[in-house]
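Fold and contact review
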Amino acid sequence: MIKKISGLLLARAITLVLLLLFNFMLLKYLTIDEVGVYYLIATVSYLGNAVVFVGSDLYLQNLIAGDIQFGCINKRSFIEFLCKTSLLGGGVVFVFSWLFFLFFDVGYAERIIVCTLLTTATYVTGLFRNLYHVAGKAFISSAIQLIDAGLKLLAVCLCVFLHKYIAIFLIFSYLILSLVLLMLLLAILLITHVDVQSKSYFKSYAALSKQIFPIVASGLFNWLQLQSYRPYLSIVQHNYLALGVISFLTNLGSSATNATMTVISQLFMPRVYATKGRITRLYLLVIASFGMAGALISLPCGWVFLSLANKQEMMPWLYLIPVGVLQETINSMIGVLTVHYMVTVKQLRIFPVCTLIGAVLMLFLLLVSQVFMLPAIPLIAAGIVVSQLFVFVVVFMKTNWS
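Residues numbered from 1 in each chain as written. Predicted model: local features only at pLDDT ≥ 70, side-chain atom pairs only at ≥ 80, totals over all residues. Heavy atoms only, no water.

Re the overall build of the protein chain
This is how the line gets drawn: Numbered from the N terminus, helices here are DSSP runs of H or I no shorter than four residues, and strands are runs of E no shorter than two. Every radius of gyration here is taken over C-alpha atoms, with the globule rule written as 2.2 Å times N^0.38, N being the number of residues. The protein chains shown are the only cover counted for residues, whose accessible areas, like all others here, come from Shrake-Rupley with a 1.4 Å probe. The convention is simple: Lys and Arg are positive, Asp and Glu are negative, and His and the chain ends are not counted. The location of each charge is read from NZ of Lys, CZ of Arg, CG of Asp or CD of Glu.
Secondary structure assignment for the protein chain yields 13 helices and two strands. Here the C-alpha atoms of the protein chain give a radius of gyration of 20 Å, agreeing with the 21 Å that 2.2 N^0.38 yields for 402 residues. Its C-alpha atoms give the protein chain principal-axis dimensions of about 55 × 50 × 45 Å. For the protein chain, the computed accessible surface area is about 17,800 Å², with 73% contributed by carbon and sulfur atoms. One way to put it: in the protein chain the 24 positive side-chain charges average out to a point 14 Å from where the 11 negative ones average out.

This is the structure we're talking about:
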């Protein structure tokens, strides 16, 4: 066990270093406005995850966990599931991004294509990582995330080498590189697993929608709750500087936290499935402890990071880094409760209801900021933490732990 934990920690440490280097170069070589454009594209792309992909991923995990732990999958059904869910989620993002960029005239046609491809690539990479995760193959799952972080760093290095300091070129570069990774992952999975016909993973879009609807609704409201400020800052206020500041700093805290939470998840999540949720409360306590420690450490680390990147103008908003840490911590805890509800065969209706209230709270704060001309960044930061905490507390209190 000690050897396994040490190996996972090393892999996550390397991943974290790669992500920090990526963020460092992103901030150093791109203007803050271009950083804002980068996160706006990521936000539009994430809608596919919110509406289709997160629910599809969890649904497939629940179906395939038993098979994949023994090295077996229904290969034809798996590819069918992958293609049809990718088509659905990618189609949603294509239509939304087309309306978004065309109607508001804040971008170009290539952004529509980039958003569609980015959401699909993110989904497929995450799906493979999560499948190996629930199969108890933590090292493979960690390796996928490490390689993905390396590709992001390689993409930004390519931008620097070619002197293309624009967000759209950065994302195009990452997509081309990630396509090779995805093809390799698919080939390895199909070669190393035995083909069985015991279980079909995809029946119809109607059946899939019925199964994942509560998660879809929760995901959409979660997108409104945590991401709606980005379209607001770009469309309503035309403030890409504020968009770049809050998006980058909160993401810096959340991405570093995610590296830690992934290690914890690789150790605990298979046990949540195996024990049918009996270990969930201990898992939540561990996440909360690491999250609070991370929030405290992030302030001095963030100061050093911004100083090295020569972005002293962002120092007044240094507090946004621990906001990102807390956001990812609470988000991880909500994710654990989602899995707990799934494995204990409980109704998931509580998640969209609570997340809807969180989204309404965030939208209300944005409205207050616009009407009374208040500083948007502090209100957004408060909304992120308070709304996330509200969702978690209500779901936790409603959970039957017997």
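There is more to say after this.
Section: the pattern of salt bridges
Applicable threshold: One speaks of a salt bridge when a side-chain nitrogen belonging to Lys or Arg is within 4 Å of a carboxyl oxygen belonging to Asp or Glu.
In this structure the tally under the stated criterion is one salt bridge. Here Glu80 ties to Lys84 by a salt bridge, and the two come within 2.9 Å at their closest N and O atoms. With Glu80 and Lys84 both in helix H3 (residues 75–104) and four residues apart, the pair spans about one turn of that helix.

Observations concerning the packing of aromatic side chains
Inclusion rule: Between the rings of Phe, Tyr and Trp (Trp by its six-membered ring), a pair exists once the centres lie within 6.5 Å; its type follows the angle of the planes, with under 30 degrees stacked, over 60 edge-to-face, and the other angles tilted. We count a charge as sitting over a ring when the NZ of a lysine or the CZ of an arginine lies within 6 Å of the ring centre and within 35 degrees of the ring normal.
Inspection of the entire model under this criterion finds 16 aromatic pairs. A connected cluster of aromatic rings, assembled from ring pairs, spans Tyr59, Phe81, Phe202 and Tyr205. When the ring centre of Tyr174 is taken as reference, the NZ or CZ atom of Lys152 above it lies at 5.9 Å.

Notes on the environment of Leu361
What counts is decided by this rule: Only protein chains enter the accessibility calculation, which uses a 1.4 Å probe. A residue is then buried if its area is under 20% of the maximum for its type, exposed if over 50%, and partly exposed in between. Contacts are assigned to residue pairs that have any heavy atoms within 4.5 Å of one another.
Assignment of secondary structure puts Leu361 in helix H12 (residues 350–371). For Leu361, a relative accessible area of 29% translates into the label partly exposed. Residues Leu361 and Ile384, spaced 23 residues apart in sequence, show a C-alpha to C-alpha distance of 9.4 Å. Each residue touching Leu361, except ones within four places of it in the same chain, is listed here: Val386 and Ser387.

Focus on the nonpolar core
Looking at soluble globular proteins, one finds that nonpolar side chains tend to be buried together. How we decide: Each nonpolar core is a collection of buried residues, namely Ala, Val, Leu, Ile, Met, Phe, Trp, Tyr and Cys, held together in the definition by side-chain atoms within 4.5 Å.
Formed by 97 residues in total, the largest nonpolar core has its most connected members in Leu26, Phe78, Leu233 and Phe248. It is helix H2 (residues 32–68) that contributes the most residues to this core, 18 residues altogether. Discounting chain neighbours no more than four positions away, the residues touching Phe78 are Leu60, Ile64, Ile73, Leu127, Phe128, Leu131, Leu186, Leu189 and Tyr201. Ranked by size, the runner-up nonpolar core spans 30 residues in total, among them Ile264, Val336, Leu337 and Tyr341.

What to know about the environment of Phe351
Secondary-structure assignment places Phe351 in helix H12. With 41 residues separating them in the primary sequence, Phe351 and Phe392 have C-alpha atoms 9.2 Å apart.

Considerations on the side chain of Thr338
Mapped onto the fold, Thr338 is located in helix H11 (residues 320–343). Relative accessible area serves as the criterion here: at 11%, Thr338 is assigned to the buried category. When residues no more than four places from it in sequence are discounted, the contact partners of Thr338 are Leu58, Leu348 and Phe351.

Some points on the packing of H11 against helix H13 (residues 376–398)
Where we set the bar: Whenever a helix is involved, its axis is fitted only over the stretch in contact; in every case the axis is a line through C-alpha atoms, and angles between N-to-C directions fall within 0 to 180 degrees. Reported orientations rely on four angle classes, namely roughly parallel under 35 degrees, roughly antiparallel over 145, roughly perpendicular from 65 to 115, and oblique for the rest. A crossing counts as left-handed when the near helix is turned anticlockwise from the far one by less than a right angle, and as right-handed when that turn is clockwise.
Closest axis-to-axis distance for the H11/H13 pair is 10 Å, and the angle between their directions is 25 degrees. Judged by the angle between their axes, H11 and H13 are roughly parallel. When you trace H11 past H13, the crossing you get is left-handed. Contact with H11, carried on its side by Leu320, Val323, Leu326, Gln327, Ile330, Asn331, Met333, Ile334, Leu337 and Tyr341, involves Ile377, Ala381, Ile384, Val385, Gln388, Leu389, Val391, Phe392, Val395, Phe396 and Lys398 of H13 and no other residues of that element.

Considering the side chain of His193
Here is the rule we go by: Pairs of N or O atoms are called polar contacts if they sit within 3.5 Å, as long as, within protein, a hydrogen donor faces a hydrogen acceptor (for residues adjacent in sequence, only side-chain-to-side-chain pairs).
Looking at the element boundaries, His193 is found in the loop between helix H6 (167–192) and strand E2 (194–195). Of the polar contacts made by the side chain of His193, one reaches the backbone oxygen of Leu189; its length is 3.2 Å. Of the polar contacts made by the side chain of His193, one reaches the side chain of Thr192; its length is 3.1 Å. Excluding residues within four positions of it along the chain, His193 makes contact with Ile68, Gly71, Cys72, Ile73, Lys75, Tyr132 and Lys137.

Points about the confidence of the model for the protein chain
Predicted coordinates in areas of low pLDDT are best not read in detail. Inclusion rule: Per-residue confidence from the predictor is reported as pLDDT, a score between 0 and 100.
Per-residue pLDDT for the protein chain has a mean of 87; in total, 96% of the residues score no lower than 70. When pLDDT is averaged over each helix and strand of the protein chain, the minimum, 82, is found for helix H1 (residues 2–29) and the maximum, 94, for helix H10 (residues 280–308).

As for unusual backbone geometry
Non-glycine residue His238 carries a positive phi angle of around 50 degrees. Tracing the sequence through the fold places His238 in the loop between helix H8 (229–236) and helix H9 (240–274). A positive phi angle, close to 55 degrees, is found at Met373, a residue other than glycine. Structurally, Met373 is set in the loop between H12 and H13.

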